[in-house]
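The chain contents come next:
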Amino acid sequence: MRLPHFLRSAGAVLLVAALAVGCSQEKDAFLNRTFHRLTTRDNGWFNANEKLKEVVAGIEEAHVDDYDHVLPLFIYGSDDQARNATPDLEKCIEKCSLVIERHSMNIQGKEKNKWIDDAWFVIAKSHFYKKNFYEAERGFTYVSRRFKGENRQMQSLVWLARTAIVLEQYGKAQSALDEVGNQKELPKDFDHGEFEAVRAELELKRGKVDDAIVHLEAAIPNARTKKERVRWAFVLAQLYQHKGLEEKAIKQFAIVARMSPPYEMAFHTQIFQALAFNKGNSKEIRKKLNRMLRDEKHVDHFDMLHYAIADLDLKERKDSSAIDHLMTSARVSTTDTKQKAKTFLRLADLYFDDRAYGDAQKYYDSTQTILAETHERYEEVTTRARVLGELVEQLRIIALEDSLQGLAQLDEKDLEKKIRGMIREREQAEAERKQAEEEARALAEANPDAGRNTQPQGGTRGAWYFYDPQQIGRGLSNFRKKWGNRPLEDDWRRKDKSGSALADLTEEEEEVEGGGTKEEKEAEWKDPAFYTKDIPKDDAALAASNARICSALYTSGMIYKEQLKDADNAIESFEVLNGRFEECRYTPESYYQLYRIYLEKEQTTNYFAPDGMGSQYYANVILERWPDSEFARLIRDPNVLQADEVRRKEEEIAYKEVYDRYRQYLFTSVIVSCEGVIANEPNNHFLAKYHMLRAMALGGMRDRAGFRAALEEVKIKFAGTDEERAATEMLAALDRSAGTPPPPPKQGAAGSYTPDAGPHFFALIVPNQGSDVTSIKTRISAFNQLYFPGTPVEITNSFLDPEHQVVLISGFPTKEMAMQYHGLFTSGNQELVGINDQGYPAFPITTANYAQLYKSKDVDGYSAFFAQNYLDRQ
């Protein structure tokens with residue numbers, strides 16, 4: 001039976017009235033509380049929390065662990081991931097902010113809606129994963145203080161500690177954790193595992209590994225998820241290994257292996273058990289590693305397995321076997337360039353320690369082509385590769401000249417026989433190489449899937465090559481073996497930049513050094529005249545050959561002494577020079593270097609020469625043969641060296657003053673000062689630098705002819721120095737283009753710009769010609785709506801000078817927010833293609849500095865100020 005119309009209308013009115021009463025945020029009634037709590041939980045907070053969990057899961061899923069270091073206990077994602085996630089995280093913040101605005105019930109200082117603290121917590125976590133850590137810190141602090149006794153208070157304190165750790169505010173992190181730890185009773189759903197893991201992370205950041213181990217041991221049994229438990233257990237094993245607790249580490253890695261970890265982690269548990277081994281019988285570990293080598297599932301990690309076996313060999317002093325396995329590791333490497341770099345570096349270090357500098361140079365050279373520039377040993381590897389390259393070149397000169405002089409001693413018949421033998425040896429080697437290549441090619445054609453992992457690992461592989469990351473990795477690895485680590489650019493084959501241990505193969509018709517094809521070069525080495533053209537056949541040629549040997553012996557001796565700190569090989573080089581030549585260009589220097597080496601040994605190690613060939617012997621030779629030389633003066637008065645060091649420091653101060661003038665574009669003054677030093681101070685320690693600075697000043701004045709002539713002078717007068725290398729590179733650049741050297745970086749007018757952490761603009765400088773400023777402003781506005789929907793910004797534009805306009809974005813209350821905007825703006829976002837990839841100057845700037853910039857038009861000057869005071873301090 002239907003109700004009368006007036007009753008239905010009355011019911012509807014009553015329902016609307018009840019909802020209206022329930023919507024009130026200021027009335028503490030059951031209906032009001034129920035309405036606002038349900039609406040908060042089911043409408044705003046739930047959707048935002050689910051989206052946040054989805055974002056965090058995506059960040060964790062995309063993370064790739066670096067097993068060369070202790071794994072992080074928590075995964076927070078990269079800056080790029082944070083930028084990509086910003087739109088979704090802004091939605092989470094917007095939803096929860098709306099919930100708080102419409103459903104908060106702050107009555108008499110107490111929040112009656114128990115879901116409001118959850119909304120604040122989601123906002124703070126969203127800021128955290130945006131890497132807006134200061135906003136996150138404020139959010140967690142607010143929740144922990146405003147909602148005491150609520151379910152999110154303790155969790156917010158833990159996250160406050162996590163935020164403080166990221167900001168390296170370890171004292172604040174400790175205070176937050178202590179506040180949690182001092183609670184008499186914690187909520188029933190409190191995550192004790194996370195709490196202990198955060199304490200462990202704090203101790204790790206402080207370098208207290210022992211304390212971190214204690215907390216991690218407590219965290220693992222309380223972990224909420226299997227993923228956390230496995231990860232923390234693996235990190236614990238790494239920490240045991242770091243502390244030298246090999247038996248504990250091996251046992252803990254075995255425990256992780258039984259926890260069914262992901263493939264990569266499971267594999268590394270086996271590898272790290274081998275690397276942690278230090279004593280006892282390695283038979284079982286070797287058996288396990290060899291069994292893994294027979295499993296095609298691990299084909300892309302065979303290099304790591306051979307590396308682990310080599311590590312066992314080295315610990316058991318089986319050096320030759322270790323080198324064999326390291327060689328194999330490099331040979332079977334497919335996708336893992338980091339492992340290949342480790343293998344090359346280990347080989348290089350082994351050869352270096354054995355003073356086999358030729359082989360060491362080859363592997364250091366190979367290492368630097370694939371080693372990440374952020375690697376802790378990158379500079380050391382680069383330096384050793386360069387220094388050893390210089391040494392190997394000197395040794396090559398000595399060997400070549402000795403060989404040529406040896407050939408010169410043979411009569412015509414013996415010389416012809418010797419050359420025929422050399423050609424036969426070369427032909428045999430070439431035949432063996434070609435046969436090996438043909439066999440490898442035939443094997444590949446007969447079994448194209450050989451060595452390919454056909455079992456899926458962690459998901460189904462795409463059938464097409466470019467959908468298979470491991471196949472792509474193998475192709476990249478093979479490319480780098482042949483061509484080195486080349487940039488993606490046109491005409492990439494024009495010049496070989498690969499490392500000597502990597503590039504062993506070349507194409508048959510490839511151009512080779514010195515011009516001509518491979519066939520032409522082959523015909524050249526088959527011609528006997530190729531071997532006789534450089535033989536010294538008269539006294540003048542023999543004297544020139546001896547001069548080259550003398551120079552190479554002295555240079556190699558100095559490399560041993562000064563750069564490799566290898567006194568024994570230095571002594572040998574100098575003694576060979578002195579024994580071979582009665583008098584050559586470097587004989588006095590050679591005797592003096594021997595005097596200095598033996599004097600240092602006698603003063604630091606109480607060395608005594610039993611044959612009398614100590615420092616005094618070489619001092620006597622110098623005083624007798626070259627009594628008026630600089631070396632004799634240094635021997636008679638050792639204090640000269642100290643006075644010379646004082647003079648060097650004074651000269652350094654003077655040089656820096658001239659260089660500062662160069663950076664201020666005072667080129668004429670710089671040229672005058674440099675020419676004064678060059679003319680009047682031939683013994684100045686910085687003479688080469690003055691020559692180079694003069695050349696650069698001439699270039700700054702656009703004197704192309706003078707610039708080239710000055711560079712040529714540097715190249716001739718200071719061979720073997722850094723200045724000579726720089727001059728050579730600049731001359732090559734001049735040959736490639738008609739340009740002149742870039743001027744020194746501007747620093748802005750002295751004192752014209754001042755740093756400030758307060759309100760900022762963001763300025764984009766665009767050229768008038770070819771720029772649609774209206775379109776640029778529209779696209780930036782769309783970008784702002786997507787990435788900064790909650791930030792009220794204003795976009796304006798004005799003419800900076802006749803050729804440029806400035807697009808000004810205002811509304812950033814702090815330097816930090818402006819820099820966050822700068823990071824997103826310049827990161828290559830698709831929304832700004834055609835704007836942020838054109839090289840337009842773009843930077844945050846304060847109101848005062850913008851006024852100064854607008855007045856001076858000095859964009860380069862402010863850019864330099866920005867780089868020094870904003871970018872360098874990040």
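Presented here is a report on the structure given in the accompanying data block.

A look at the overall build of the protein
A count of helices and strands for the protein gives 36 helices and 6 strands. Considering the protein as a whole, with its 874 residues, one finds that 42% of them fall into the buried category. By sequence separation, contacts in the protein at least 24 residues apart represent 62% of the contacts at least 6 residues apart. Summed over its atoms, the accessible surface of the protein is roughly 48,000 Å², and 51% of this surface lies on carbon and sulfur atoms.

Remarks on the pairing of strand β5 (residues 804-812)
Judged by how many residues are buried, β5 sits mostly within the fold: 7 of 9 residues are covered. Pairing analysis gives 8 bridges linking strand β3 (residues 760-767) to β5, with the strands arranged antiparallel. Bridge pairing in β5 links Ala763 to Leu808. Relative to β5, strand β4 (residues 794-801) is paired through 7 bridges, and the arrangement is antiparallel. Considered in β5, the bridge of Glu794 is made with Ser810.

Remarks on the packing of aromatic side chains
Going through the model one piece at a time under the given rule, you end up with 49 aromatic pairs. Residues Tyr351 and Tyr363 carry aromatic rings whose centres are separated by 6.0 Å and whose planes lie at 15° to one another, so their mutual orientation is stacked. Of this pair, Tyr351 sits in helix α16 (residues 337-353) while Tyr363 is found in helix α17 (residues 357-370), placing the two residues 12 residues apart along the sequence. Here the two residues Tyr351 and Tyr363 agree in accessibility, since each one is buried. Taking 6.1 Å as the distance between ring centres and 75° as the angle between the ring planes, the aromatic pair formed by Phe352 and Tyr364 counts as edge-to-face.

Concerning the sheet that holds strand β6 (residues 842-845)
The strand order across the open sheet formed by 4 strands is β4-β5-β3-β6, and the pairing between neighbours is antiparallel. Whereas interior strands pair on both sides, the edge strands pair on one side only; in this sheet they are β4 and β6. In this sheet, neighbouring strand axes are inclined to one another by 25° on average, regardless of whether the strands run parallel or antiparallel. Helix-sheet contacts for helix α36 (residues 859-871) involve β3, β4 and β6, and the interaxial angle to β6 is about 70°.

Observations concerning the state of the cysteines
Using the criterion set out here, one finds 1 disulfide in the structure. Each sulfur of the disulfide joining Cys550 and Cys584 lies 2.1 Å from the other. Residues Cys550 and Cys584 are joined through a disulfide that is right-handed, its torsion about the S-S bond being 60°. Linking Cys550 in helix α23 (residues 539-563) with Cys584 in the loop between α24 (567-580) and α25 (587-605), this pair joins segments that are 34 residues apart in sequence.

Observations regarding the packing of helix α10 (residues 226-242) against helix α12 (residues 263-276)
Orientation of α10 relative to α12, taken along the N-to-C sense of each, is 15°, at an axis distance of 11 Å. Classified by the interaxial angle, the pair formed by α10 and α12 is roughly parallel. By crossing handedness, the relation of α10 to α12 is classed as left-handed. On α12, the residues that touch Val230, Arg231, Phe234, Gln238 and Gln241 of α10 are Met265, His268, Thr269, Phe272, Leu275 and Ala276.

Things to note about helix α33 (residues 773-787)
Taking 1.5 Å per residue as the helical rise, α33 with its 15 residues ought to reach 21 Å, and the 21 Å between its terminal C-alpha atoms agrees with that figure. Regarding α33, the residues found buried are Val773, Ile776, Ile780, Phe783, Asn784 and Tyr787. Along the axis of α33, the buried positions cluster into a sector of 100°, meaning they face one direction only. Seen from the open side of α33, the exposed residues pointing more than 90 degrees away from its buried face are Thr774, Thr778 and Gln785.

Regarding the nonpolar core
By size, the foremost hydrophobic cluster in this structure holds 89 residues, and its most contacted members are Tyr129, Leu216, Trp232, Ile271 and Leu289. Sequence-distant contacts of Trp232, that is, excluding residues within four places in its chain, are made with Leu73, Phe74, Gly193, Glu194, Ala197, Leu216, Ala219, Ile220 and Ala223. Within the second largest apolar cluster, 61 residues are counted, among which are Tyr357, Leu371, Tyr554 and Ala570.

Overview of the environment of Gln368
With respect to the helices, strands and loops of the structure, Gln368 is situated in helix α17. Judged by relative accessible area, Gln368 falls into the partly exposed class, the value being 24%. Residues Gln368 and Val381, 13 residues apart in the sequence, show an inter-C-alpha distance of 6.4 Å. Residue contacts for Gln368: discarding those within four places in its chain leaves Tyr378, Val381, Thr382 and Ala385. Within the structure, Gln368 has its side chain in polar contact with the side chain of Asp365 (distance 2.9 Å).

Let's talk about the environment of Asn869
Among the structural elements, Asn869 can be located in helix α36. Note: C-alpha distance between Asn869 and Pro755 (114 residues apart in sequence) is 7.0 Å.

Side note on the pattern of salt bridges
Where charged atoms from two side chains of opposite charge approach closely, those side chains can pair. Applying the stated criterion to the full structure yields 44 salt bridges. The partner of Asp568 in a salt bridge is Arg355, with the nearest N and O atoms 3.5 Å apart. With Asp568 in helix α24 and Arg355 in the loop between α16 and α17, this residue pair connects regions lying 213 residues apart in the sequence. Two residues, Glu657 and Arg661, come together in a salt bridge whose shortest N-O distance is 2.8 Å. In this pair, Glu657 and Arg661 are both assigned in helix α28 (residues 639-663), 4 residues apart and thus about one turn of the helix distant. Looking at Arg661, the relative accessible area reads 15%, which means it is buried.

Considering the environment of Leu395
On the secondary structure map, Leu395 appears in helix α18 (residues 378-408). Taking the C-alpha atoms as reference points, Leu395 and Ile549, separated by 154 residues in sequence, lie 9.1 Å from one another. Dropping the residues within four chain positions of it, Leu395 is found in contact with Ser556 and Tyr560.

Focus on α25
Over its 19 residues, α25 extends 27 Å from the first C-alpha to the last, a length consistent with the 27 Å expected when each residue adds 1.5 Å. Along α25, the residues that are buried comprise Thr587, Pro588, Glu589, Ser590, Tyr591, Tyr592, Gln593, Leu594, Tyr595, Ile597, Tyr598 and Leu599. Positioned one or two residues after α25, Asn606 has a phi angle of 55°, which is positive.

A few points about the packing of helix α34 (residues 815-825) against α36
Interhelical geometry of α34 versus α36 gives an angle of 110° and a closest axis separation of 13 Å. Taken together, the axes of α34 and α36 lie roughly perpendicular to each other. The crossing of α34 and α36 is left-handed. Contacts between α34 and α36 involve Lys815, Met819 and His822 on the former and, on the latter, Phe866, Asn869, Tyr870 and Leu871. For the contact of α34 with α36, the residue count by class is 4 nonpolar, 2 polar and 1 charged.

Comments concerning unusual backbone geometry
Phi at Arg355 takes a positive value of approximately 60°, unusual for a residue other than glycine. On the basis of relative accessible area, Arg355 is assigned to the partly exposed category, the value being 42%. Phi angles above zero are rare outside glycine, and Lys565 is one such case at about 55°. You can see Lys565 is positioned in the loop between α23 and α24.

Definitions and cut-offs
Once a new chain begins, its residue numbering starts again from 1 and follows that chain's sequence as written. Local features in a predicted model are, by the rule used here, given only for residues with pLDDT of at least 70; side-chain atom pairs are given and counted only at 80 or more, and totals for whole chains, interfaces and linings are based on all residues. To get the side-chain values, take all heavy atoms of the structure and skip hydrogens and water. Secondary structure elements follow DSSP: runs of H or I no shorter than four residues count as helices, runs of E no shorter than two count as strands, and numbering proceeds from the N terminus. Accessible area is worked out with a 1.4 Å probe on protein chains only. A residue is then buried under 20% of its type maximum, exposed over 50%, and partly exposed in between. Throughout, a contact is declared for two residues whenever any of their heavy atoms are within 4.5 Å. Under the convention used here, a 1.4 Å probe and the Shrake-Rupley method define accessible areas, while residue burial counts only the protein chains that appear. Two strands are counted as paired when DSSP detects at least two bridges linking them. Within 6.5 Å between ring centres, the rings of Phe, Tyr and Trp (the latter by its six-membered ring) count as paired, and their orientation is classed by plane angle as stacked under 30 degrees, edge-to-face over 60, tilted in between. To obtain an axis, a line is fitted to C-alpha atoms, over the contacting stretch when the element is a helix, and the angle between two such axes runs from 0 to 180 degrees between their N-to-C directions. Note on terminology: disulfide denotes any pair of cysteine sulfur atoms within 2.5 Å. Geometric relationships in this document are graded by angle, where less than 35 degrees denotes roughly parallel, more than 145 denotes roughly antiparallel, 65 to 115 denotes roughly perpendicular, and other angles denote oblique. Take the far helix as the reference: if the near one is turned anticlockwise from it by less than a right angle, the crossing is left-handed, and if turned clockwise, right-handed. Given the number of residues in a helix, its expected span is that number minus one, multiplied by 1.5 Å. Note: the arc covers the axis-to-C-beta directions of the helix. Among the buried residues, those of types Ala, Val, Leu, Ile, Met, Phe, Trp, Tyr and Cys that are joined through side-chain atoms within 4.5 Å form a nonpolar core. N or O atoms within 3.5 Å of each other form a polar contact, as long as, within protein, one can give a hydrogen and the other can take it, and as long as residues adjacent in sequence are counted only when both atoms are side-chain atoms. Here a salt bridge means any side-chain nitrogen of Lys or Arg lying within 4 Å of a carboxyl oxygen belonging to Asp or Glu. Note on residue categories: nonpolar means Ala, Val, Leu, Ile, Met, Phe, Trp, Tyr, Cys or Pro, charged means Asp, Glu, Lys or Arg, and polar means any other residue, Gly included.

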